[in-house]
Amino acid sequence: MNMKETWKKSGSILMTFLVAFLLLGFVSIVKPGYGSAANIKVLSISIAVLGLTALGQTLPILTGGMDLSIPWMFCIGGYLCAALTGGDNGKLLYAVPVVLFVGLLMGAFNGFGIAYVGIAPVIMTMASNIIFQGLLVGITEGTPGGSIPSGIKALASGGSGFVGWLFLFWLAVSVVAWLLLAKTSYGRKIYAVGNSETCALYSGIRVKLLKLSAYALCGMMAALAGMLYSGKVSQLYLGMGDTYQMASVSAVAIGGVSLVGGSGSYIGTMAGCFVIIILEGLLAAMNFSQGVQKIIYGIVLFLAVMISSRRKGAGNE
Amino acid sequence: MADLELNHISKAFNGNYALSDVTLSCNRGEVHALLGENGAGKSTLLKVLAGAYHPDEGEIKVFGKTAVIKNPTDAMRYGIGCVYQELSFIPDLSVAENIFIGRIPKTKFGNFDYKKLRRMTLELFEKYDVDEIDPDAKAGMISLSQKQIMEILKILSKDPEIVILDEATSALAENRVQWLLRLARKLADAGKIVIFISHRMAEIKDGCDRITILRNGTYAGTLPVDENLDMDEVISMMLGRKMSSYFPEIEDCTREEVALELKNVTYGRALRGVNLKLHKGEVLGIGGLAGQGQAELLKALYGVYPTEGEILLNGKPIRIKSPKDAIQKGIGLVPEERGIQGLFLNLGIDFNISIPSIEKLTSGLLVSRRKEAELVEKYMNVLAVKAAGPQALARELSGGNQQKIVMAKILSCEPELLLMHDITRGVDVGTKKEMFGLVRTLAKEGKPVLFFSTDVEELVNVCDRVIVMRDGKVAASLKLKTLTKENIIGASIGADGKGGDTEDEKA
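Residues numbered from 1 in each chain as written. Chains lettered and ligands numbered in written order. Predicted model: local features only at pLDDT ≥ 70, side-chain atom pairs only at ≥ 80, totals over all residues. Heavy atoms only, no water.

Some points on the environment of L144 of chain B
Residue and element names in this part refer to chain B.
Right, on to step 1. Mapped onto the fold, L144 is located in helix α5 (residues 144-156).
Right, on to step 2. Distance in space between the C-alpha atoms of L144 and E5 is 33 Å, their sequence separation being 139 residues.
Right, on to step 3. Look past the residues within four positions of L144 in its chain and what remains in contact with it is L87 and A171. (Helix = DSSP H or I, 4+ residues; strand = E, 2+ residues; numbered from the N terminus. Contact = heavy atoms within 4.5 Å.)

Quick look at the structure:
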């Protein structure tokens, strides 16, 4: 009985990966050159950037919340790294920990508002997104200071054959994330809180602290992703994180993580990232207008969320 | 064939049978009483009839036709009107508006015709002989008895063929109780069916024609109300069990050492200075009417609520800051609501049992699957859990097995002090017996148990000593000869002649 359910779950993740590769095959046929090593490498790097934000996003969503402030934590990550290093690779030694720590703090701010003050996650993170935007725009006056170190650029845009280095980096981080969620007591508690905060409390879990930590880790991942993204595109611009707001949520939803919390696996999120990036590539390759691309993208998200909430509904009865 | 038939109705919630194969049949011209203990399934049965719940099995026949009642609107179409135990009115609307809500007449200009509404209300009042309510008064401002009358009239104004009165008399003023009984008779004489629920035997004897008795969600029988009606028989049908075989032998293993001592513990208005001593190896029952601070006391000792006053655990003063803190200090709580506080219904048995001790099961950074499996297996065996396997989902288990999982989860933390909140609610008889046996075994091992139950019978038959709570204080402490049902109930309602807190007696 339970074997069947386990199979059903991993089966749907396998299906998601399959869909991604079918899409990729399809575009490669429709658009010659799409399947080239150089292009696949670029795709793999895009998947990795989305993957890092979606990794973060998985945590709040598993607890039954959501983080919509990823865009500007992402931006701050990129700007902060450039400002701290001024392009000097040597200074990365302290700049990277500072970026991660600032991301952690921004996330903790979200988590504090949500867990301790009791603000609804969507409201809290939307508001903090604007606050972070204001901070960044206010401090930088819109122009990036410093420049992106070559080390970051090499990591985030380099690669060999079909894969970018960043993709491998993401895979390594993902192993840690998967272990964290599936194999540690911390992961158990995340699922517990997402299933029932009341029961989690009675089971001796510090629910508020745990929720705060989920948002803090999400903020850290967003800042890290932003820093690496700036290396990928070799530039900094305000609003560079905007697309990751919905894309991170979509990746999690497509991957089969319930948007009301408590069920789903990080492997699913990874599959979701593949689907989204390849789908974006497909839409661009088909020469659809920006508007049509957004509509199709929106419909896919809508379907993913619908299926995700159905799944939870069936689970309850 | 009867005019109204509910045949073989079953309804389960999360695997707990609230109703199992229940049958009820009534005829026109009859006032039919439905009797049973709390939780016997009366309200569930009525909600099935009124369309609030959909039965899992069984059929409903209304006046010879099979009825599919999916919602209250369907029920109204079949002429079924239900006055619920929980009043549901809109406090800011007037009495007249509440009665005719959704059916307020309009003038030819399309606005509400309040003159006509008032007239309709007064006509309704006159028809049913009601004169103490002002139709224009805000519903929130009138007395409880008047609110109940308003609700009754609201249903009657729709001219139902089947009138259900769910504990409608409990909120009524004394003269209105007689009025309702007469009204029920009048409706029956006019060829309607009245289904009447009440806990007051006298009302049933005076006003009803037949009684159907439910017990633990099953049909226990139907009796005619006549001079031969034996009330003792009715009560034994309601309870339907031989107590002696069902409760454990009590062997008093209370020890000298005091495990838990409370000195003037207060929390808001719920706890107003609780003093008690709980000894090692003692099962101390907590009784009293509902809402006298018993639930708050257990939660406070589990760190859910902050308290003032002194709590001494094994002689040392402690503060319990959170459930996590409580577990670390060796306190375990079997909480009130199994499905909400006790279990993750959508997760497996293994997850549920291991979650409070998950940190102890971690070797290095990762949870040890082997240690976890051993722990889960051990406690599933201790409690004789019946399930497909350790990964079976909690929601798929019966109520009794769910309660065993909660128990297993708490025991797996190896607590030194156990707090139990109504551990036999919605649990089958067999499991109850096992639970009581387990409680006594824990006591024998020297563990102190604080055992709160709403069932007086349980308190008398499981505990070494019982304290009765009233108004957030300990009102009485009963042991040995004084530990009787009568004394517990007496102390609950303050009929023992004692008031306020009693000095905790020395054991």
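The structure having been displayed, the exposition proceeds.
Brief notes about the sheet that holds strand β3 (residues 30-35) of chain B
Residues and elements named next belong to chain B.
Right, on to step 1. The mixed open sheet is built from 6 strands, whose spatial order is β6-β7-β8-β3-β9-β10. What marks the edges here is a single partner per strand, and that holds for β6 (80-83) and β10 (218-224). Here the average twist between neighbouring strands, direction ignored, is 20 degrees.
Right, on to step 2. Both strand β7 (residues 162-166) and strand β8 (residues 193-197) contribute to a ladder of 5 bridges, which runs parallel. When the bridges of β8 are listed, V163 appears paired with V194.
Right, on to step 3. Where α5 meets the sheet, its contacts fall on β6 and β7, and the angle it forms with β6 comes to roughly 175 degrees. (Pairing = 2+ DSSP bridges. Axes fitted to C-alpha atoms, helices over the stretch in contact; angles between N-to-C directions.)

Here's the deal with the packing of helix α6 (residues 150-157) of chain A against helix α10 (residues 207-233) of chain A
All names here are of chain A.
Right, on to step 1. As a packed pair, α6 and α10 sit with axes 7 Å apart at the nearest point and diverge in direction by 85 degrees. Relative to α10, α6 is oriented roughly perpendicular. Of the residues in α10, those in contact with I152, K153, L155, A156 and S157 of α6 are M227, L228, G231 and K232.
Right, on to step 2. Class assignment for the residues of the contact of α6 with α10 results in 5 nonpolar, 2 polar and 2 charged. (Parallel < 35°, antiparallel > 145°, perpendicular 65-115°, else oblique. Nonpolar A, V, L, I, M, F, W, Y, C, P; charged D, E, K, R; others polar.)

Some details on the side chain of Q294 of chain B
Residue and element names in this part refer to chain B.
Right, on to step 1. Relative to the assigned elements, Q294 resides in helix α9 (residues 294-301).
Right, on to step 2. A residue is classified by how much of its surface remains accessible, and Q294, at 1% relative accessible area, is buried.
Right, on to step 3. Within the structure, the side chain of Q294 is placed 3.0 Å from the backbone nitrogen of Q292, a separation counted as a polar contact.
Right, on to step 4. The contacts of Q294, once residues within four sequence positions are left out, are I286, G287, G288, L289, F452 and M469. (Buried < 20%, exposed > 50% of the residue type's maximum accessible area, 1.4 Å probe, protein only. Polar contact = N/O pair within 3.5 Å; in protein donor to acceptor, adjacent residues only side chain to side chain.)

Comments concerning empty space enclosed by the protein
Residues and elements named next belong to chain B.
Right, on to step 1. Evaluated as defined, the whole model comprises 1 cavity of 30 Å³ or more.
Right, on to step 2. In this structure, the largest cavity occupies an estimated 30 Å³ of space.
Right, on to step 3. As for the largest cavity, its lining consists of Y302, I327, I331, G332, P356, I410 and C413. (1 Å grid on protein atoms, 1.4 Å probe; cavity = no way out; pocket = protein on both sides within 12 Å on 5 of 7 lines; lining within 4 Å. Points joined across faces, edges and corners; volume = space filled by probe spheres on them.)

Structural notes on the pairing of strand β4 (residues 57-62) of chain B
All names here are of chain B.
Right, on to step 1. Bridge analysis of strand β1 (residues 4-13) against β4 gives 5 bridges, and the strand direction is antiparallel. Paired with L4 across the two strands is V62, which belongs to β4.
Right, on to step 2. Where β4 and strand β5 (residues 65-67) come together, 3 bridges link them in antiparallel fashion. Opposite I60, over in β5, you have A67 as the bridge partner.
Right, on to step 3. Remark: 2 residues form the turn of the hairpin made by β4 and β5, two consecutive strands paired antiparallel; F63 in that turn has positive phi of roughly 50 degrees.

Brief notes about helix α7 (residues 165-183) of chain A
Residue and element names in this part refer to chain A.
Right, on to step 1. Along its 19 residues, α7 runs 27 Å from first to last C-alpha, staying within 8% of the 27 Å computed at 1.5 Å per residue.
Right, on to step 2. Buried within α7 are the following residues: L166, F167, W170, V173, S174, A177 and L181. One face of α7 carries all of its buried residues, which in axial projection span an arc of 125 degrees.
Right, on to step 3. Summarising the contacts, the buried residues of α7 are in contact with α2 (37-62), α6, β2 (163-164), α8 (185-195), α10 and α12 (266-285). (Expected span 1.5 Å × (residues − 1). Arc of directions from axis to C-beta.)

So, the interface of chain B and chain A
Right, on to step 1. Taken together, the contacts link 32 residues of chain B with 26 residues of chain A.
Right, on to step 2. Across the chain B to chain A interface the summed buried area is about 2,500 Å²; carbon plus sulfur atoms make up 57%.
Right, on to step 3. The partner of K189 of chain A in a salt bridge is E359 of chain B, with the nearest N and O atoms 2.2 Å apart.
Right, on to step 4. Taken together, the links from chain B to chain A amount to 8 residue pairs in polar contact (both at pLDDT 80 or more).
Right, on to step 5. Residue assignment for the side of chain B that touches chain A shows that the elements contributing at least two residues are α10 (323-328), α11 (338-342), α12 (349-354), β18 (366-367) and α13 (369-382) of chain B.
Right, on to step 6. In the side of chain B that touches chain A, the residues fall into 18 nonpolar, 6 polar and 8 charged. (Buried area = accessible area lost by both parts, 1.4 Å probe. Salt bridge = Lys/Arg side-chain N within 4 Å of Asp/Glu carboxyl O.)

Limitation: the analysis is restricted to geometry and does not speak to function.
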